[in-house]
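Report on the structure
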Amino acid sequence: MSRLRVLAAAAALLLATAACSADSEPGLQPGDPAPSEPGTSAAAAEPSASEAAAAHAAHAAKPGRLRPLRKGERRRTLTMPAAYTPAAPTGVGTDDYRCFLLDPQLKRDSWLTGTNVLPGNPDVVHHVILFRILPEDVAKAEAKDAETPDDQGWTCFGGTALEGEFAQLDDAPWLGAWAPGGDEVVTRDGYGTDLPKGSRIVMQVHYNLLAGSAPDVSSTQIRTMPRTRDLTALHTFLMPAPVELPCRKGRDASPLCERDAAVADAKERFGQGPGSTADLLYFLCGGKPVASRRSSCVRRVQQPVTVLGAAGHMHLLGQQLRIETNPGTPEARTILDIPVWDFDDQGSRPIDPVRLDTWDTVKITCTHGQRLRDRLPAFATQREDKYVVWADGTTDEMCLGMLSVAFG
């Protein structure tokens, strides 16, 4: 999953309460395979060619499976008003992030209790994120949509591209996310996300153009309950970490094997703001770039929370992802452990509730590997190594954790 404005808005607030590192193992040369984590086999640490092909083959996916409605729930289907044919907005690259403003026609204050996505053209839909637009911000979203009157939606690398979004990472306006293999996501009984009367939803679609462009009309489905039901409010706590994946020895002759060149390339493809995320992450997490296959970020929570679910997001070079609470202490606990990353299985996992107090820590760790570049069809025209930093493209990389939390 880049969320650029998350980083810019939150940097000053969180700089003093986060620590980030790109960990280099002793004796490990940049680009070499990372050693296995305790309890993880070497086979799990380095997927076989067949495993990688199965996990990262063409990501065409069927619509997610629906679950039965609960008492008081209603399912609403919101569809793009017309077809959109994606294209690289800057004229460079193979990715298009497009935001579509959808109206759920809420006549009363509601709870959102589930989300699903119906990709209209799975050959080009890479992933989808749903954002909440509160009634007081609807005019701003409508004005943004009106900037491109002859086309559907607007370009939105990094987020919704609306001014002032993401005041902080602790309570991001995410309603849900979908990637290939994802089914309908339903909150546990007794919980929901506040969705006031008159709210809108922005559906951000990441279109991947590696196999060419084709029209798409996608939909999202949401579950709602009236606010007369006494539910506990859910919030989204985001945990980005940097990616600093170097080229392998003997395959590092390309100019793009230099970090500065890789960042400049990201800015050319996505614009100066979105392309700067690789550097902005260090305002959030502290530290400085260190070439390594493994990177991490530690954040301190700003208020008591109960963690109820966890999800991770990487792209095609991802291999392992782990989220821990209070690492290095007697209270340490792993709440998400993905020893073999599967791009086609990025759904949120419900967990036994974990209580965190103010100043407790949460850590995300991601491992990426250039070797997958040699095997995956998506890299058929990009077999040559490049220094990989956080960026929005399918063949770029991310390291992102998403926690579903209740405050208090």
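Everything that follows concerns the structure shown earlier in this document.
Below or above, wherever it landed, is the structure these notes cover. Starting afresh in each chain, residues are numbered from 1 along the sequence in its written order. Residues qualify for local features only when their pLDDT is at least 70, as the model is predicted, and side-chain atom pairs are given and counted only at 80 or more; totals for whole chains, interfaces and linings, by contrast, use all residues. Side-chain measures were taken over the full set of non-hydrogen atoms in the model, leaving aside hydrogen atoms and water.

This next bit is on the side chain of Arg 132. Along the polypeptide, Arg 132 turns up in strand E5 (residues 125-133). Within the buried core, Arg 132 has no salt-bridge partner, and the shortest N-O distance to an opposite charge, that of Asp 194, equals 4.8 Å. As used in this structure description, the phrase polar contact means that two N or O atoms lie within 3.5 Å; if the pair is within protein, one of them must be able to donate a hydrogen and the other to accept it, and residues adjacent in sequence are counted only when both atoms belong to side chains. Here Asp 194 takes part through its backbone oxygen, which lies 2.8 Å from a polar atom of the side chain of Arg 132. Residue contacts are defined here by distance: any two heavy atoms, one from each residue, within 4.5 Å place the two residues in contact. Ignoring any residue separated from it by four or fewer positions in sequence, one finds Arg 132 in contact with Pro 173, Leu 175, Thr 193, Asp 194, Leu 195 and Arg 200. Secondary structure elements follow DSSP: runs of H or I no shorter than four residues count as helices, runs of E no shorter than two count as strands, and numbering proceeds from the N terminus. The cut-offs for exposure are 20% and 50% of the maximum accessible area for each residue type, with area from a 1.4 Å probe on protein chains only; residues under the lower value are buried, those over the upper are exposed, and the others partly exposed. Charge counting treats Lys and Arg as positive and Asp and Glu as negative, with His and both chain ends excluded. What counts as a salt bridge is simple: a side-chain nitrogen of Lys or Arg found within 4 Å of a carboxyl oxygen of Asp or Glu.

Count a disulfide wherever a pair of cysteine sulfur atoms falls within 2.5 Å. Enumeration over the complete set of coordinates arrives at four disulfides. Covalent S-S linkage joins Cys 285 and Cys 297, the inter-sulfur distance amounting to 2.1 Å. With the S-S dihedral at roughly -100 degrees, the linkage between Cys 285 and Cys 297 falls on the left-handed side. With Cys 285 in helix H7 (residues 277-285) and Cys 297 in strand E15 (residues 294-300), this residue pair connects regions lying twelve residues apart in the sequence. Of the two residues examined, Cys 285 and Cys 297, each falls in the buried class. Indicated for the chain is the disulfide connectivity 1-2, 3-4, 5-6, 7-8, based on numbering the bonded cysteines in sequence order.

Turning to the sheet that holds strand E6 (residues 154-155), a few remarks are in order. At least two DSSP bridges between two strands are required for those strands to pair. A sheet is described by the order of its strands in space; here five strands give the open sequence E6-E3-E10-E5-E7, paired in antiparallel fashion. Pairing within the sheet leaves two strands with one partner each, and these edge strands are E6 and strand E7 (174-178). Across two bridges, strand E3 (residues 95-102) lies against E6 in antiparallel orientation. Counterpart to Arg 98 in the pairing with E6 is Thr 155.

This brings us to the sheet that holds strand E16 (residues 305-313). Across the sheet, which stays open at both edges, the four strands sit in the order E13-E22-E16-E19 with antiparallel pairing between neighbours. The sheet terminates laterally at strand E13 (235-240) and strand E19 (349-356), the two strands that pair on one side only. Put simply, the sheet's adjacent strands are angled 30 degrees from each other on average, direction ignored. The sheet contact formed by E13 and strand E22 (residues 400-407) spans six bridges and is antiparallel. Paired with Thr 236 across the strands is Ser 404, a residue of E22. A fitted line through C-alpha atoms serves as each axis, taken over the contacting stretch for helices, and the angle formed by two N-to-C directions is quoted from 0 to 180°.

A 1.4 Å probe that fits but cannot get out identifies a cavity on a 1 Å grid over protein atoms alone, an open set with protein on both sides within 12 Å along at least five of seven lines counts as a pocket, and a residue lines either if it has an atom within 4 Å of a point. Grid points are joined across faces, edges and corners, and a volume is the space filled by probe spheres set on the points. Considered as a void within the structure, the largest cavity measures approximately 40 Å³ in volume. Together, Thr 115, Asn 116, Val 117, Leu 130, Gly 176, Ala 177, Trp 178, Asp 183 and Val 185 line the largest cavity. Gly falls in the polar group here, along with every residue not listed as nonpolar (Ala, Val, Leu, Ile, Met, Phe, Trp, Tyr, Cys, Pro) or charged (Asp, Glu, Lys, Arg). When grouped by side-chain class, the residues that make up the lining of the largest cavity number five nonpolar, three polar and one charged.

Taken as a whole, this structure holds 25 salt bridges when the rule is applied. A salt bridge links Glu 147 to Lys 144; the shortest N-O distance between them is 3.5 Å. Look at Glu 147 and you get exposed, because its relative accessible area is 54%. With a closest N to O distance of 2.8 Å, Arg 269 and Asp 396 form a salt bridge. Taken together, the residues span a long stretch of sequence, with Arg 269 in helix H5 (residues 259-270) and Asp 396 in the loop between strand E21 (388-389) and E22 at a distance of 127 residues. You'll find Arg 269 and Asp 396 in the same group, each marked buried. Each of Arg 70, Glu 73, Arg 75, Glu 184, Asp 189 and Arg 223 takes part in one network of salt bridges that share partners.

Here we come to H7. An α-helix turns once per 3.6 residues; consequently, residues spaced three or four apart project the same way. For H7, the complete set of buried residues consists of Thr 277, Ala 278, Leu 281, Tyr 282, Leu 284 and Cys 285. Taken end-on, H7 shows its buried residues confined to a sector of 155 degrees, consistent with a single buried face. Immediately beyond the C-terminal end of H7, within one or two residues, lies Gly 286, with a positive phi of roughly 80 degrees. In this description, one arc is meant: the one made by directions from the helix axis to the C-beta atoms.

Right, let's talk about the pairing of strand E4 (residues 110-118) for a bit. In terms of residue burial, E4 counts as a mostly covered element, since eight of its nine residues are buried. Where E4 and strand E9 (residues 191-195) come together, three bridges link them in antiparallel fashion. From the neighbouring strand, Leu 112 faces E9, where its bridge partner is Thr 193. Two elements, E4 and strand E11 (residues 219-226), share eight bridges in a ladder whose sense is antiparallel. The partner of Leu 118 across the bridge, within E11, is Ser 219. In this structure, E4 lies alongside strand E8 (residues 185-186), joined through two bridges in antiparallel fashion. Each bridged residue has a counterpart across the sheet, and for Gly 114 the counterpart in E8 is Val 186.

The topology assignment puts Ala 214 in the loop between strand E10 (200-208) and E11. Residue Ala 214 is classed as partly exposed on the basis of its relative accessible area of 23%. Along the chain, Ala 214 and Asn 121 lie 93 residues apart, while their C-alpha atoms are 7.8 Å from each other. If we skip the residues at most four places from it in the chain, Ala 214 touches Tyr 84, Thr 85, Pro 86, Asn 121 and Val 124.

Take the nonpolar core next. To define a nonpolar core, start from buried Ala, Val, Leu, Ile, Met, Phe, Trp, Tyr and Cys residues and group those joined through side-chain atoms within 4.5 Å. In this structure, Trp 154, Trp 174, Val 307, Leu 321, Ile 323, Ile 364 and Leu 403 are the most contacted members of the largest nonpolar core, which totals 63 residues. Setting aside anything within four residues of it in sequence, one finds Leu 403 in contact with His 235, Thr 236, Phe 237, Met 239, Val 307, Gly 309, Ala 310, Ile 323, Ile 335 and Val 362.

Within E11, eight of the eight residues are buried, which leaves it mostly tucked inside the rest of the structure. Side chains Ser 219, Gln 221, Arg 223 and Met 225 of E11 all project onto a buried face; the interleaved residues Thr 220, Ile 222, Thr 224 and Pro 226 project onto the opposite face, where all are buried too.

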